[in-house]
Amino acid sequence: DQQVKQNSPSLSVQEGRISILNCDYTNSMFDYFLWYKKYPAEGPTFLISISSIKDKNEDGRFTVFLNKSAKHLSLHIVPSQPGDSAVYFCAASVGMNYGQNFVFGPGTRLSVLP
Amino acid sequence: GAVVSQHPSWVICKSGTSVKIECRSLDFQATTMFWYRQFPKQSLMLMATSNEGSKATYEQGVEKDKFLINHASLTLSTLTVTSAHPEDSSFYICSARRADRGRADTQYFGPGTRLTVL
């Protein structure tokens, strides 16, 4: 049973437009969420996080929105750039403290077309 | 920044042999390191959590006798795949958590090791 779901395996967006990646979770105990970006044959790179006390967190071109009642979060990238083409993983944890591990979604492959 | 390295980056071995993968935090101390496995077109699956100086905690379904983890120092954890078989072929990724911080987002990933078992 997947606790973290990313129902779109792939997404294509034109350069300069907005990319919206979605993530749903089933475990109501999750209270900390992260997005990672992964290029082929490389380890994931942390992008942005949000705790359940917030509903939005912004960092440059990246904004994460959290809807706790719907158990849904989304990552917005605007404007999208070709270098953003990668696989994006949503991850969740119970608590954000020391030693906590994450549950990863299956990932969404984003292709930003020039 | 915080850098995590893995060695080797790619290894090909014969079935039945053992392979050791090293994970090092280069510029910070990591009391906790995580080992993940990724199959093609699938997500990262946590295999085990290793704490410096103590036994690793394995996730359900992961054979501890097959995937030996040693976290001997604050900067090094090793994963040994014993008696490897073709089904062990995968991309293995480690991550390290900084010892001086408690936030979950300070978990840094290595570049991964691709294991191919013939």
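Our structure's up above, just so we're on the same page.
Let me begin by describing the structure that accompanies this report. Starting afresh in each chain, residues are numbered from 1 along the sequence in its written order. Lettering of chains starts at A and numbering of ligands starts at 1, both following the order in which they are written. The predicted nature of this model means local features are confined to residues of pLDDT at least 70 and side-chain atom pairs, given and counted, to a pLDDT of 80 or more, with totals for whole chains, interfaces and linings taken over all residues. As a rule here, side-chain values cover all heavy atoms of the structure and leave hydrogens and water aside.

**Concerning the overall build of chain A**
Here comes step 1: In terms of regular secondary structure, chain A is built from 0 helices and 11 strands.
Here comes step 2: Judged by the C-alpha coordinates and their principal axes, chain A covers about 40 × 30 × 25 Å.
Here comes step 3: Three labels apply to residues, based on accessible area from a 1.4 Å probe with only protein chains included: buried if under 20% of the type maximum, exposed if over 50%, partly exposed otherwise in between. Here chain A, with 114 residues, has 43% of them falling under the buried criterion.
Here comes step 4: For this analysis, residues touch if any pair of their heavy atoms sits within 4.5 Å. Sequence-distant contacts in chain A: of pairs separated by 6 or more residues, those separated by 24 or more amount to 54%.
Here comes step 5: Entry remark: accessible area of chain A is about 5400 Å², with carbon and sulfur atoms responsible for 49%.
Here comes step 6: Of note, chain A has its 10 positive side-chain charges centred 2 Å away from the centre of its 9 negative side-chain charges. To qualify as a helix, a DSSP run of H or I must reach at least 4 residues; to qualify as a strand, a run of E must reach at least 2; elements of each kind are numbered from the N terminus. Surface accessibility follows the Shrake-Rupley procedure with a 1.4 Å probe radius. Residue values consider only the protein chains on display as shielding. Residues scored as charged are limited to Lys and Arg (positive) and Asp and Glu (negative), so that His and the chain ends carry no count. For charged residues, the charge sits on one atom: NZ in Lys, CZ in Arg, CG in Asp, CD in Glu.

**What about the environment of A:Y39?**
Residues and elements named next belong to chain A.
Here comes step 1: Following the sequence through the fold, Y39 ends up in the loop between β4 (32-38) and β5 (45-51).
Here comes step 2: On a C-alpha basis, the gap between Y39 and V13 in space is 17 Å, while along the polypeptide they are 26 residues apart.
Here comes step 3: With residues up to four places along the chain from it excluded, the contact list for Y39 reads G83, S85 and A86.
Here comes step 4: A polar contact is formed between the side chain of Y39 and the side chain of K37, at a distance of 2.9 Å. Pairs of N or O atoms within 3.5 Å make up the polar contacts considered here, provided that, within protein, one atom can donate a hydrogen while the other can accept it, and that residues adjacent in sequence are counted only when both atoms are side-chain atoms.

**Things to note about the side chain of B:D88**
Here comes step 1: Along the chain, the position of B:D88 falls in the loop between β8 (76-81) and β9 (90-98).
Here comes step 2: Only 2.9 Å separates the side chain of B:D88 from the side chain of B:K66, close enough to count as a polar contact.

**As for the state of the cysteines**
Residues and elements named next belong to chain A.
Here comes step 1: Sulfur atoms of two cysteines make up a disulfide when they are within 2.5 Å. For the structure on display, the rule yields 2 disulfides over all chains.
Here comes step 2: Shown here is the disulfide that connects C23 with C90, its sulfur atoms set 2.0 Å apart. Looking down the S-S bond of the C23 and C90 bridge, the torsion is -70°, so its handedness is left-handed. Residue C23 is located in strand β3 (residues 19-25), and its partner C90 is located in strand β9 (residues 86-93); the two are separated by 67 residues in the primary sequence.

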